[in-house]
Amino acid sequence: LLDSVVRREDFRGARWLSLFPLSRFAGFNTMLHAWMNGATLLLPDRYHPEAIAASFVSEQPTHASGTPTLWKSVLLHLE
């Protein structure tokens, strides 16, 4: 799995928001990207579109990864 992580110097200091629990592959993969690049991993209070949208506002992430369906749900909850 570590071989699949893109490592770039400009990712150092990035703020990755995990849109999925770390127990799911997508969440674990986001954690690996943050860890392997010296970035900060941000976790929402809950993995629900409203909580994720609130995390975007309060945490100001620079990076996040999600499926189109999840992005649509989150964007509908941004104020």
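Given the structure is predicted, the values throughout are model-derived calculations rather than measurements.

## Considerations on the overall build of the protein chain
Helix and strand content of the protein chain: three helices and three strands. Tracing the protein chain from N to C terminus, the helices and strands come up as β-α-β-α-β-α. The C-alpha extent of the protein chain, read off along each of the three principal axes, is 35 × 20 × 20 Å. Here the protein chain holds 79 residues, and the buried ones make up 32% of them. Once local pairs closer than 6 in sequence are excluded, the contacts in the protein chain between residues at least 24 apart make up 66%. With an accessible surface of roughly 5,100 Å², the protein chain has 55% of that area assigned to carbon and sulfur atoms. Considering the protein chain, the positive charge centre built from 7 side chains and the negative charge centre built from 7 side chains are found 5 Å apart.

## Side note on the pairing of strand 1 (residues 15-18)
Relative to strand 2 (residues 40-42), strand 1 runs parallel, the two sharing three bridges. Following the sheet pairing, Leu17 is matched in strand 2 by Leu42. The β-α-β motif built from strand 1, the intervening helix 1 (residues 25-36) and the parallel element strand 2 has right-handed crossover chirality. The sheet contact formed by strand 1 and strand 3 (residues 63-65) spans three bridges and is parallel. When the bridges of strand 3 are listed, Trp16 appears paired with His63.

## Some remarks on the side chain of Ser55
By the secondary structure assignment, Ser55 is in helix 2 (residues 49-59). For Ser55, a relative accessible area of 7% puts it in the buried group.

## A short note on the environment of Leu32
Along the chain, Leu32 falls in helix 1. Since its relative accessible area comes to 6%, Leu32 is described here as buried. For the pair Leu32 and Val6, spaced 26 residues apart in the sequence, the C-alpha separation amounts to 9.8 Å. Among all residues touching Leu32, those that are not within four sequence positions of it are Leu1, Leu2 and Val5.

## Some words on the sheet that holds strand 1
The strand order 2-1-3 describes an open sheet built from three strands, whose pairing is parallel. Edge positions in the sheet fall to strand 2 and strand 3, since each has one partner strand and no second. For this sheet the average axis-to-axis angle between neighbouring strands, irrespective of direction, equals 30°.

## Considerations on the packing of aromatic side chains
Scanning the model with the defined rule gives one aromatic pair in all. Ring geometry for Phe56 and Trp71: centres 5.7 Å apart, planes at 45°, overall tilted. Here Trp71 lies in helix 3 (residues 68-77) and Phe56 lies in helix 2, a separation of 15 residues in the sequence. Classification of Trp71 by relative accessible area gives partly exposed; the value is 26%.

Rules of the game
Residues numbered from 1 in each chain as written. Predicted model: local features only at pLDDT ≥ 70, side-chain atom pairs only at ≥ 80, totals over all residues. Heavy atoms only, no water. Helix = DSSP H or I, 4+ residues; strand = E, 2+ residues; numbered from the N terminus. Buried < 20%, exposed > 50% of the residue type's maximum accessible area, 1.4 Å probe, protein only. Contact = heavy atoms within 4.5 Å. Areas by Shrake-Rupley, 256 points an atom, 1.4 Å probe, with all protein chains shown as cover. Lys, Arg positive; Asp, Glu negative; His and termini not counted. Charge placed at Lys NZ, Arg CZ, Asp CG, Glu CD. Pairing = 2+ DSSP bridges. Right-handed = clockwise from strand over helix to strand, strands pointing away. Axes fitted to C-alpha atoms, helices over the stretch in contact; angles between N-to-C directions. Phe/Tyr/Trp six-rings, centres within 6.5 Å; stacked < 30°, edge-to-face > 60°.

By themselves, these are just geometric observations and shouldn't be taken as functional.
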